Amino acid sequence: GQTPLIRSRTIGPELGIPELYFKLENLNPSGSYKDRFAAMFVSYLQSKSIPVCLATSSGNTGAALAAYCAAANIKCILAIVDGAPQGKIKQMQVYGAETYMIKEFGKDAQVTAEVFDFLEATAAMLKIPLPISAYRYCSEGMAGVQSIAYEIMEETGGTTTQIFSPAGGGGLTLAIARGARIYGADNPGFGIPKVNCVQPEGNDTIATALRRKSAKAEAIELSSTTISGLQVPNVLDGDHVIEECMHLGGTGYVVTDEMVYEFQRKLALQEGIFCEPAGAVSVAGFANAVRNNEINSADKAACIITGSGFKDMAGLDEYYKLGAPGKLDNIKLLTEIINQFI
């Protein structure tokens, strides 16, 4: 927690919104906002003297739980989403977690439901909580994620008008919305921001339903987005996301994967922020809000940057074709290159 909230130097002003801010959750110890979840949950395990943590993850939850379990001397066993980035899996393993990837888990709705049901039953048999980062499964851990909203509102003196949050199963967005509502109730002089749910179009279970003001999120048969961490075809917290976001006046935004990678690159080139693709989803949603005239120059907006770009390095090779460094026979040849910029 206590991650920086920094003002956009370029992206916001270019889009006509001078007060756009980025909440840099990539600067948590294990590199994502899931540290807030893990800190709360592992503290809970310690308080109950529970010696093992059984969990599932597409990457960031597992990495965070593995790190905090290592610090607490608790065994961590993780069922991994099919296709999770190797960088995230290696991070879990270096902390000592045991990792097992389940075929079609996180892609196929039926397989995903079966995995969740099995893990729930196993956890119940062992009499331990199941730390899936969703309120449906683990309100103890998700309470820690609400602190993101507390910090944004506190750091801006309650003047933030809109927050954009990426969503897969919706846990983060629900935590932001609940946190904003709770903090606003406890601080009557503070304004409560609209909380908007942003999803990639290949996993649109919540965003379009929210925009239509439907009461229910809609599960999909197969998640087709390439955005790691947001491949959740099941509803999970979706119904409650719609309820909370509508209560705060927020809406849903659907963005293409191409747009997400475009803003991941812009964040790096124009703001000096290297985030995972999921972290750029919120910024792509913000850009859509500008184009829809649903935000104006007087607004103070915050985008949640969920995790570090180092979490998904393979994506850089696939989408940006960065290539090998240029080769020079000697250092003096840099003079000609330098002179081009003087």
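Above this text is the structure in question.
Residues numbered from 1 in each chain as written. Predicted model: local features only at pLDDT ≥ 70, side-chain atom pairs only at ≥ 80, totals over all residues. Heavy atoms only, no water.

Counting across every chain of the model gives 12 salt bridges. Close ionic contact of D239 with K216 constitutes a salt bridge, the shortest N to O distance being 3.6 Å. With D239 in helix α10 (residues 238–247) and K216 in the loop between α9 (207–211) and α10, this residue pair connects regions lying 23 residues apart in the sequence. A single network of salt bridges, built from pairs that share partners, joins K23, E25, R36, E151 and E155. (Salt bridge = Lys/Arg side-chain N within 4 Å of Asp/Glu carboxyl O. Helix = DSSP H or I, 4+ residues; strand = E, 2+ residues; numbered from the N terminus.)

Turning our attention to the side chain of T99. By secondary structure assignment, the location of T99 is in strand β5 (residues 98–101). Judged by its relative accessible area of 19%, T99 falls in the buried class. Among the polar contacts listed, one links the side chain of T99 to the side chain of Q93, at a separation of 3.0 Å. Apart from the residues within four sequence positions on either side, T99 is in contact with L78, I80, I89, M92 and Q93. (Buried < 20%, exposed > 50% of the residue type's maximum accessible area, 1.4 Å probe, protein only. Polar contact = N/O pair within 3.5 Å; in protein donor to acceptor, adjacent residues only side chain to side chain. Contact = heavy atoms within 4.5 Å.)

For the rest of this paragraph, the subject is the nonpolar core. Counting 70 residues, the largest nonpolar core has C53, L65, C76, V145, I148 and I176 as its most contacted members. Not counting the four nearest positions on each side in its chain, C76 is found in contact with C53, L65, A66, C69, A97 and E98. In this structure, L20, V260, I305 and L316 belong to the second largest nonpolar core, which totals 33 residues. (Core = buried A, V, L, I, M, F, W, Y, C linked by side-chain atoms within 4.5 Å.)

Pairing in this open sheet of six strands is mixed, and the strands run β1-β2-β9-β6-β7-β8 from one edge to the other. Each edge of the open sheet carries a strand with a single partner, namely β1 (5–7) and β8 (252–255). On average, adjacent strands in this sheet sit at an angle of 25 degrees to one another, irrespective of strand direction. The pairing of strand β6 (residues 162–166) with strand β9 (residues 300–305) spans three bridges and is parallel. Bridged to I163 within β9 is A302. (Pairing = 2+ DSSP bridges. Axes fitted to C-alpha atoms, helices over the stretch in contact; angles between N-to-C directions.)

We now examine the sheet that holds strand β4 (residues 75–80). Read across the open sheet, the three strands follow the order β3-β4-β5; overall the sheet is parallel. Both edges of this open sheet fall to β3 (52–57) and β5, since each of them pairs with a single strand only. The sheet shows a mean angle of 15 degrees between the axes of neighbouring strands, taken without regard to direction. Bridging between β4 and β5 involves four bridges; their strand directions are parallel. In the sheet register, A79 faces β5, and the bridge partner there is Y100. Of the strands in this sheet, β3 and β4 are in contact with helix α3 (residues 60–72), which crosses β3 at around 160 degrees.

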